[in-house]
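Structural overview for review
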Amino acid sequence: MNHTLNIISSTFASTLRGWRGTSGSKTVEQPASPLVIYDREGCPDCRLVREALTELNLDVLIMPCPEGSNRNKRQLEAVSGQSTVPFLADQNTGKKVSGAAAIIDYLFQQYRGKSAPAQIKPATLNRLTSRLASAIRGNAGVQARPARMAEQPLTLYSFESSPFSRVVRERLCELELPYHLVNLGKQQWADMGPAKMRFAPGPYAPLANTKRDAFFKAHGNVQVPYLIDPNTNTQLFESADILKYLAKTYAL
Ligand SMILES: N[C@@H](CCC(=O)N[C@@H](CS)C(=O)NCC(=O)O)C(=O)O
């Protein structure tokens, strides 16, 4: 699909979800061992889990389980005894949790010390609009494409509602490439808007001592998607360039 149309449809998907998965909490302590999420980008229930992860500002290791391939599903079956996504394995507590409702409840209780707010839970309206968002994206992030394996997981800086990041996450899922998902949800009004045209006037400054702050110090701005591939020593901004890179490096 033409990249501009792809981004427009991705923007519609975020709009259908009311731009949930844009804001991240101001403070968070990342778990010592990364949470592992078995996920399918185009799956409506998985989206609700990823929205909660952005909201909680938690980073996770995503094990993509697209339809039509067993590469990561074999591991899912070994860990969980079943093959449905979303599934969470928390090595910090030894907990294994299946299904969006239970995972979201667990994440809020464990990492925020309170119940998940009603608007985040997989209630009927959230499930319906998440289904519509998947429908708008067609088959993107659902079916496996033939791909080479990556020796080490990639890293993607993203936040759930980011239309530009979604198209990259979809491709990572289709290619079954495990990746560390670093959530850079927006934490204040000054973060709103595109990196090159923020809504707030004046020079941009992220909140001090946050992941956004660290990213800003490293790159001079905060823009997602940003991909790191340790297998080829590559770091890339720009969704179109990242998609081309993934096709050239991993698609068969
Ligand atoms: N041309 C870039 C645009 C990326 C972009 O505008 N990303 C937005 C999020 S969708 C962003 O980074 N906004 C700044 C921020 O979140 O601080 C691409 O295709 O990757």
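This section reports on the structure supplied with the text. Source: prediction; values computed, not measured.

**What about the overall build of the protein chain?**
- In terms of helices and strands, the protein chain carries eight helices and eight strands.
- Radius of gyration (C-alpha) of the protein chain: 17 Å, near the 18 Å computed for a compact globule of 252 residues.
- For the protein chain, the C-alpha atoms occupy an extent of roughly 55 × 45 × 35 Å along the three principal directions.
- Here the protein chain holds 252 residues, and the buried ones make up 52% of them.
- Within the protein chain, counting contacts between residues at least 6 apart in sequence, those at least 24 apart form 68% of the total.
- Taken together, the 30 basic and 21 acidic charged side chains of the protein chain have centroids lying 3 Å from each other.

**With respect to the packing of helix H6 (residues 163-174) against helix H8 (residues 239-250)**
- Here H6 crosses H8 at 10°, and the two axes come no closer than 9 Å. When the interaxial angle is binned, H6 and H8 end up roughly parallel. Facing H6, whose interface residues are Phe 164, Val 167, Val 168, Arg 171 and Leu 172, H8 presents Ser 239, Ile 242, Leu 243 and Leu 246.

**Let's talk about the pattern of salt bridges**
- This model, assessed by the stated rule, comprises 17 salt bridges.
- With a closest N to O distance of 3.4 Å, Glu 55 and Arg 112 form a salt bridge. Remark: Arg 112 occurs in helix H4 (residues 100-112) and Glu 55 occurs in helix H2 (residues 44-56); sequence separation between them is 57 residues.
- Looking at Glu 55, the relative accessible area reads 24%, which means it is partly exposed.
- Under the relative-accessibility criterion, Arg 112 is labelled partly exposed at 29%.
- Among the ionic pairs, Lys 196 bridges to Glu 238, the shortest N-O distance being 3.9 Å. Taken together, the residues span a long stretch of sequence, with Lys 196 in the loop between strand E6 (179-183) and helix H7 (211-219) and Glu 238 in the loop between strand E8 (234-237) and H8 at a distance of 42 residues.
- Residue Lys 196 is classed as exposed on the basis of its relative accessible area, which comes to 68%.
- Under the relative-accessibility criterion, Glu 238 is labelled partly exposed at 37%.
- A single network of salt bridges, built from pairs that share partners, joins Asp 39, Glu 41, Arg 50, Glu 160 and Arg 169.

**Digging into the packing of aromatic side chains**
- In the structure shown here, the tally under the stated rule is eight aromatic pairs.
- Their ring planes at 80° and their centres at 5.6 Å tell us that Tyr 204 and Phe 216 sit as a pair that is edge-to-face. Residue Tyr 204 is found in the loop between E6 and H7, and its partner Phe 216 is found in helix H7; the two are separated by twelve residues along the sequence.
- The class of Phe 216 is partly exposed, set by a relative accessible area of 24%.
- A ring pair is formed by Tyr 226 and Phe 237, whose centres lie 4.4 Å apart and whose planes are at 40°; its orientation type is tilted. Residue Tyr 226 is located in strand E7 (residues 226-229), and its partner Phe 237 is located in strand E8; the two are separated by eleven residues in the primary sequence.
- Owing to a relative accessible area of 6%, Tyr 226 belongs among the buried residues under this scheme.

**Quick look at the packing of helix H1 (residues 3-16) against helix H5 (residues 124-136)**
- Relative orientation of the contacting elements H1 and H5 amounts to 175°, with a least axis distance of 8 Å. The pairing of H1 with H5 is recorded here as roughly antiparallel in orientation. Mapping the contact onto sequence places Ser 9, Phe 12, Ala 13 and Leu 16 in H1 and Thr 129, Leu 132, Ala 133 and Ile 136 in H5.
- Considering only residue class, the contact of H1 with H5 consists of six nonpolar, two polar and no charged.

**Concerning the sheet that holds E7**
- Overall, mixed pairing links the eight strands, which are arranged E4-E3-E1-E2-E6-E5-E7-E8 in an open sheet. Unpaired on one side and paired on the other, strand E4 (95-98) and E8 mark the two borders of the sheet. Each neighbouring strand pair of the sheet contributes to a mean axis angle of 20°, computed without reference to strand direction.
- Here five bridges tie strand E5 (residues 154-158) to E6, and the two strands are oriented parallel to one another. Note that in E6 the partner of Leu 154 across the bridge is Tyr 179.
- Along the sheet face, H8 touches E5, E7 and E8 and points at about 145° away from the line of E8.

Conventions used here
Per chain, the residues get numbers from 1 upward, laid out in the order the sequence is written. Reporting of local features is limited, given that this is a predicted model, to residues whose pLDDT is at least 70; pairs of side-chain atoms are given and counted only at 80 or more, and all residues count toward the totals for whole chains, interfaces and linings. Side-chain metrics in this entry use all non-hydrogen atoms of the structure; hydrogen atoms and water are not considered. Runs of H or I in DSSP of at least four residues are treated as helices and runs of E of at least two as strands, each being numbered from the N terminus. In this description the radius of gyration comes from C-alpha coordinates, and the expected globular size is given by 2.2 Å times residues to the power 0.38. Accessibility here uses a 1.4 Å probe with only protein chains present; expressed as a share of the type maximum, an area under 20% marks a residue as buried, one over 50% as exposed, and anything in between as partly exposed. Here, residues are in contact when the closest pair of their heavy atoms is within 4.5 Å. Counted charges follow a simple rule, with Lys and Arg positive, Asp and Glu negative, and His plus the chain ends left uncounted. Where a charge lies is defined by one atom per residue type: Lys uses NZ, Arg uses CZ, Asp uses CG and Glu uses CD. For helices, the fitted axis covers only the stretch in contact; all axes are lines through C-alpha atoms, and the angles between them, taken along N-to-C directions, range from 0 to 180 degrees. Roughly parallel covers angles under 35 degrees, roughly antiparallel covers those over 145, roughly perpendicular covers 65 to 115, and oblique covers all other angles. Just to be clear on terms, a salt bridge is a Lys or Arg side-chain nitrogen sitting within 4 Å of an Asp or Glu carboxyl oxygen. Within 6.5 Å between ring centres, the rings of Phe, Tyr and Trp (the latter by its six-membered ring) count as paired, and their orientation is classed by plane angle as stacked under 30 degrees, edge-to-face over 60, tilted in between. For this scheme, ten residues count as nonpolar: Ala, Val, Leu, Ile, Met, Phe, Trp, Tyr, Cys and Pro. Four count as charged, namely Asp, Glu, Lys and Arg, and the remainder, Gly too, count as polar. At least two DSSP bridges between two strands are needed for those strands to be called paired.

The quantities given are spatial measurements derived from coordinates; they are silent on function.
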